[in-house]
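Given next are the chains, with one letter for each unit.
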Amino acid sequence: MVRLTIDGTPVSVPEGTTILNAAREAGITIPTLCELKGLNEIGACRVCVVKVEGEDRFPASCTTPVAEGMEVRTNTPEVVTARRSNVKMILSEHRSECTSCLRADTCALQQISRDLGAWNLPFPSNQTKAGDWDHDFPLRRDSSKCIKCMRCVSVCEKNQHCAVWDFTGTGPHMKVTVREGLPIADAGCSLCGQCITHCPTGALTARADIHRVMEALMDPTVETVVQIAPAVRTSWGEGVGLDRTLATQGRMAAAARRLGFDRVFDTDFGADLTIMEEASEFVEYVKAGKKRPMFTSCCPGWVRFALQHYPDFAPQLSTSKSPHQMLGATIKNTLREQAEAEGRKLFTISIMPCVAKKYEAGVPQLSTEGGTDVDAVLTVREFDRMLRMFSIDCASLPEEGFDHPLGTSTGAGTIFGRTGGVMEAALRTAAYLITGTTLPIEATDCTAATPEEPWTSKTLDVGGMEVRIAIASGLENASKLLDALAADEVEFDFVEVMACPGGCVGGGGQPIAFNQELAKERAAVLNALDGADVLRMSHENPDVQKLYADWIGEPLSPTAEAWLHTDQLAWDI
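Residues numbered from 1 in each chain as written. Predicted model: local features only at pLDDT ≥ 70, side-chain atom pairs only at ≥ 80, totals over all residues. Heavy atoms only, no water.

By the naming in an unreviewed UniProt entry, the chain is Hydrogenase, Fe-only, taken from Slackia exigua.

This is the structure we're talking about:
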């Protein structure tokens, strides 16, 4: 242990600890910008500088290890002045258009500039233009707002295994680029969006699609139908200042109606539908003796990753579409005739915690008839932005239910939004399909899955059939699991993968809170909703049963194959 003082407070920490982490242990706040604990500790921004007695320079606290007897000052006038100067230098190369920036309310650079009073810039402005970019691609980059903090490089390489981002040059000539100078569409991007949520500025954003939704809302010949994903109910209040106790799913549905949508459906219904197909597919998969494991396919970021980085495993993906695509196909195929009789055309919108869903909605191979089944995808950030645009007082809204017949859901559909949830929901119904009886919820529990472990595995007795399962979230973890499978080091029957750490609750389309990972808190909301639900298994959903009786027939029927399944190997990537 090393003993030192920070701002006069005695601190004892293990040797090798940085000054920044020692200060955190003591409850002392040092501002940071480029630092991302455990991933990106490079001292690039120089915002975390401190004064060490006996030294003339101001070292970066995120890279400087503690020493015995060290005396550190974090808040002297000289330190604050040095931080201000460093931030002003960053601002001189940053295109500051805060009033029109998508990150205006969550920009860490803007916040720290305000906190330090970094206003009048003494340096010549060297703001560059945004640069060329494929503006149809769901992920967008504005190089003129990049502050070279390298957080995107670290997250993409170390957490998500894609290594899309790289850098060239050194010092003032250094710039972040797409690896090998490739167009972003060719760089192996999974569209998980983790680089967006970890970028401290507006350099990385998701493609904004609010304008398309607004056009549909203003067109009297269009019937707008919105669906809201399971994980959205855990986070939508964050962007409008609502406490979790007030940001209920009932108020969420009411808020969507206040935006003017004609119908408000629950993607949880689509999740229940997905389970009916995927669980049935798994049972048939095992009976047919196909190569195992079968992988879940609900996450388009994972599907893109598999197709681009591990194509040998792609044939083992479930052919079941994701919940919002299943619900989009169901909406278009069951409600189109009524809408056309009224002289209107359907426009379907998905509110998702995900950037990859924007890509998925445009995949032509997912369309069931002519145009797309999902016409537009909004992230949770965009949903919250619309609520602010419309000046909706969300706290005062009464709680309202979803519309029917595509609004009833079960707890199994709700837990789709967290890691392990898809597997657990599938096993609940697979057990019923095999045995004809309902197993206790505890028998199929998969809440042990955590983003801290490469993967979680267990063996379950499902109606006398031994099922070996594995669950991974975060694509670096997924890659370790896939490598182990490829090397025959492990064997599994059924595997769930979610691209984002923690699952959709930690998705790239979620509200951004700088240096806060909120997946666990959000997952707890889903678990509570599941536990309180009267219906907790997808096959118990009466509206799903009615949909099969009236339209689809049974799981894996020809209609089900046409509406609810896809061949991922044929997707345009």
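After presenting the structure, the write-up continues.
This brings us to the packing of aromatic side chains. In the structure shown here, the tally under the stated rule is eight aromatic pairs. Taken together, a centroid distance of 6.4 Å and an interplanar angle of 45 degrees make the contact between W236 and F383 tilted. Of this pair, W236 sits in the loop between β9 (222–228) and α7 (249–258) while F383 sits in helix α12 (residues 380–389), and the two are 147 residues apart along the sequence. Accessibility classification places W236 together with F383 in one group, the buried group. Through a chain of ring-to-ring contacts, the aromatic side chains of F295, W302 and F313 assemble into a single cluster. The positively charged end of R304 is found above the aromatic ring belonging to Y359, 4.5 Å away from the centroid. (Phe/Tyr/Trp six-rings, centres within 6.5 Å; stacked < 30°, edge-to-face > 60°. Helix = DSSP H or I, 4+ residues; strand = E, 2+ residues; numbered from the N terminus. Buried < 20%, exposed > 50% of the residue type's maximum accessible area, 1.4 Å probe, protein only. Lys NZ or Arg CZ within 6 Å of the ring centre and 35° of its normal.)

On to the sheet that holds strand β15 (residues 465–473), then. If you walk across this open sheet you meet the four strands as β11-β16-β15-β14, and the pairing is mixed. In this open sheet, the two strands that pair with only one neighbour each are β11 (294–295) and β14 (456–462). By the bridge criterion, five bridges tie β15 to strand β16 (residues 494–498) in an arrangement that is parallel. Across the sheet, residue S473 finds its bridge partner in β16, namely M498. Contacting β11, β15 and β16, helix α15 (residues 475–486) crosses the sheet at an angle of about 140 degrees to β15. (Pairing = 2+ DSSP bridges. Contact = heavy atoms within 4.5 Å. Axes fitted to C-alpha atoms, helices over the stretch in contact; angles between N-to-C directions.)

Okay, the UniProt feature "domain: 4Fe-4S His(Cys)3-ligated-type" (unreviewed entry) in the chain next. With numbering aligned to this structure, UniProt lists the feature "domain: 4Fe-4S His(Cys)3-ligated-type" (unreviewed entry) at residues 78–117. Within the segment residues 78–117, helix and strand shares are 60% and 0% respectively, and the terminal C-alpha atoms sit 14 Å apart. (UniProt positions renumbered as here; feature names shortened; annotations may be inferred.)

Let's shift gears to the domain arrangement of the chain. Domain assignment breaks the chain into domain 1 (2–75), domain 2 (89–206) and domain 3 (215–570). Relative to domain 3, the C-alpha centre of domain 2 lies at a distance of 30 Å. Of the residues lining the interface, 26 residues belong to domain 2; the matching set on domain 3 comes to 29 residues. The contact between domain 2 and domain 3 buries some 2,200 Å² in all, and 56% of this surface belongs to carbon and sulfur atoms. Applying the counting rule to domain 2 against domain 3 returns one salt bridge. Measuring nitrogen to oxygen at the nearest pair gives 3.1 Å for the salt bridge that ties D105 to R388. There are 14 residue pairs in polar contact (both at pLDDT 80 or more) connecting domain 2 and domain 3. Elements with a contribution of two residues or more to the side of domain 2 that touches domain 3: α4 (151–159) and α5 (194–198). Taken together, the residues of the side of domain 2 that touches domain 3 sort by class into eleven nonpolar, ten polar and five charged. (Domains from an automatic or database assignment. Buried area = accessible area lost by both parts, 1.4 Å probe. Salt bridge = Lys/Arg side-chain N within 4 Å of Asp/Glu carboxyl O. Polar contact = N/O pair within 3.5 Å; in protein donor to acceptor, adjacent residues only side chain to side chain. Nonpolar A, V, L, I, M, F, W, Y, C, P; charged D, E, K, R; others polar.)

A few words on the sheet that holds strand β12 (residues 345–352). With respect to topology, four strands assemble into an open sheet ordered β10-β9-β12-β13, the strand pairing being parallel. In the strand order of this sheet, the two ends are held by β10 (263–266) and β13 (376–379), each with one partner. Each strand of the sheet is rotated relative to its neighbour by a mean of 25 degrees, with strand direction disregarded. In this fold helix α8 (residues 267–287) packs onto β9, β10 and β12, with an angle of close to 40 degrees to the strand it touches most, β10. Across the sheet, α12 is in contact with β12 and β13; its angle to β13 comes to roughly 85 degrees.

Time to look at the side chain of S479. Checked against the element boundaries, S479 lands in helix α15. One polar contact links S479 to H161, side chain to side chain, over a distance of 3.3 Å. The contact partners of S479, leaving out residues within four places of it in the chain, are H161, F305 and Y310.

As a further point, take the pattern of salt bridges. Under the definition given, this model contains 32 salt bridges. One salt bridge in this structure joins R179 and E180, with 3.4 Å as the shortest N-O distance. A salt bridge links E491 to R468, with the nearest nitrogen and oxygen atoms 3.1 Å apart. One end of the pair, E491, is in the loop between α15 and β16; the other, R468, is in strand β15, with 23 residues separating them in the sequence. Among the residues examined, R468 registers a relative accessible area of 23% and is labelled partly exposed. The structure contains a network of salt bridges with shared partners spanning R418, E424, R428, D530 and R536.

Further remarks concern helix α17 (residues 542–552). Within α17, burial applies to D543, V544, L547, Y548 and I552. Projection of α17 onto a plane perpendicular to its axis shows the buried side chains occupying an angular sector of 145 degrees, all on one side. In this structure, the buried residues of α17 make contact with α8, α10 (323–341) and α18 (558–564). Where α17 begins, the capping side chain belongs to N541, and its oxygen is found 3.0 Å from the backbone nitrogen of D543. Downstream of α17 by one or two residues, G553 has phi in the positive range, about 95 degrees. (Arc of directions from axis to C-beta.)

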